[in-house]
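Structural characterization, general
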Amino acid sequence: MQAVLTFPDFSPELFSISLFGFDFALRWYALAYIAGILIAWRLGVAAIKRPALWPADTPPLTPPQLEDLLTWIILGVIFGGRLGFVLFYQPAYYLQNPTEILMVWQGGMSFHGGLLGVVIASWIYALRHNLPKLSLADLVAHAVPPGLLLGRLSNFINAELWGRPSDLPWAFVFPGSSAQNCPDVVGLCARHPSQLYEAAMEGLILGAVLLWLVYRRGAFKMPGFAVGTFLTGYGLARFLVEFVRQPDAQFISPGNPLGLAWHVGGYGLTMGQILCLPMIALGLWLIWSAKSRANKIIAQ
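Here we summarise the structure given alongside this text. (Residues numbered from 1 in each chain as written. Predicted model: local features only at pLDDT ≥ 70, side-chain atom pairs only at ≥ 80, totals over all residues. Heavy atoms only, no water.)

Some details on the nonpolar core
- Judged by nonpolar contacts, the single largest core of 26 residues is most densely connected at Leu61, Leu66, Leu69, Leu139, Phe220 and Phe225.
- For this core, the secondary-structure elements that each account for two or more residues are helix H1 (28-48), helix H2 (63-88), helix H4 (111-129), helix H5 (133-142), helix H7 (194-216), helix H8 (225-241) and helix H9 (271-299).
- Counting residues in hydrophobic clusters, the runner-up holds eleven residues, among them Leu115, Val227, Phe230 and Leu231. (Core = buried A, V, L, I, M, F, W, Y, C linked by side-chain atoms within 4.5 Å. Buried < 20%, exposed > 50% of the residue type's maximum accessible area, 1.4 Å probe, protein only. Helix = DSSP H or I, 4+ residues; strand = E, 2+ residues; numbered from the N terminus.)

Topic: unusual backbone geometry
- Within the chain, Asn130 stands out as a residue other than glycine whose phi angle is a positive 55°.
- Among the structural elements, Asn130 can be located in the loop between H4 and H5.
- For Asn130, a relative accessible area of 70% translates into the label exposed.

Side note on the layout of surface pockets
- In this structure, the second largest pocket encloses a volume near 220 Å³.
- Taken together, 13 residues form the lining of the second largest pocket, with Phe79, Gly80, Leu83, Gly117 and Ile120 sitting closest to its centre.
- Only H2 and H4 provide two or more residues apiece to the lining of the second largest pocket.
- Looking at the lining of the second largest pocket, the element that brings in the most residues is H2, giving eight residues. (1 Å grid on protein atoms, 1.4 Å probe; cavity = no way out; pocket = protein on both sides within 12 Å on 5 of 7 lines; lining within 4 Å. Points joined across faces, edges and corners; volume = space filled by probe spheres on them.)

Without other data, these values stay purely geometric and don't point to any function.
Following this line, the structure appears as structure tokens:
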């Protein structure tokens, strides 16, 4: 396979310092989390300050409540993302090594787990403060894509979560023995930059669509429509990218070289695709329900 693009000489760390015998570093991935949360907060505040976007011209919460909700969401992302990775991708390993479950700094986060954590945290917060749940979900969902964009770009910079071997002109030769472990390739192994595919589809395109729906098509006026669009859009994007994304090593075996989590006769689905199916179904149902409620109101 002819290598086309050489991976840039990126460092996963912006900087590092040593103090009292300990090394402290700011990594791109951590910066992506911080920047994504800050951007989501500003998008949320901007939407709250425009009452005309909401049903009955009433936002679901106030700016101070949004700041309070952010704390809940951050905890939901961290704990949900970590536990999701443990349960969905490596349950056997962590059952044997339970002390490593909380070692987030070693890597291993699941988007689907993080999403579930955010849903649970937001739901509890809405119940405690008697807030409209669907409108709150719409607010949160429309602010998520920038964080996904930055997260996937940091995955690329870290040279992780790369795709399957490819001879396309934009394929990259990622560093590391794992990335170069391509049994059917002679010489350097180029791979799909699946992180960039996801950054474009889950972050840039989905984010632009949601902002257009909110500010040009009145999506917030139909509670559940924006979050339904997010779930459907992310689910479809991730489902498609999984066809070219390298699966986690624990799913790959001599009889299952594609790393399918469920398969019959060589055909099946990856774990990422399996987790996306309920997202897509729920998203479509939320969109249908939101439009149905809106049509009933118009008919009255």
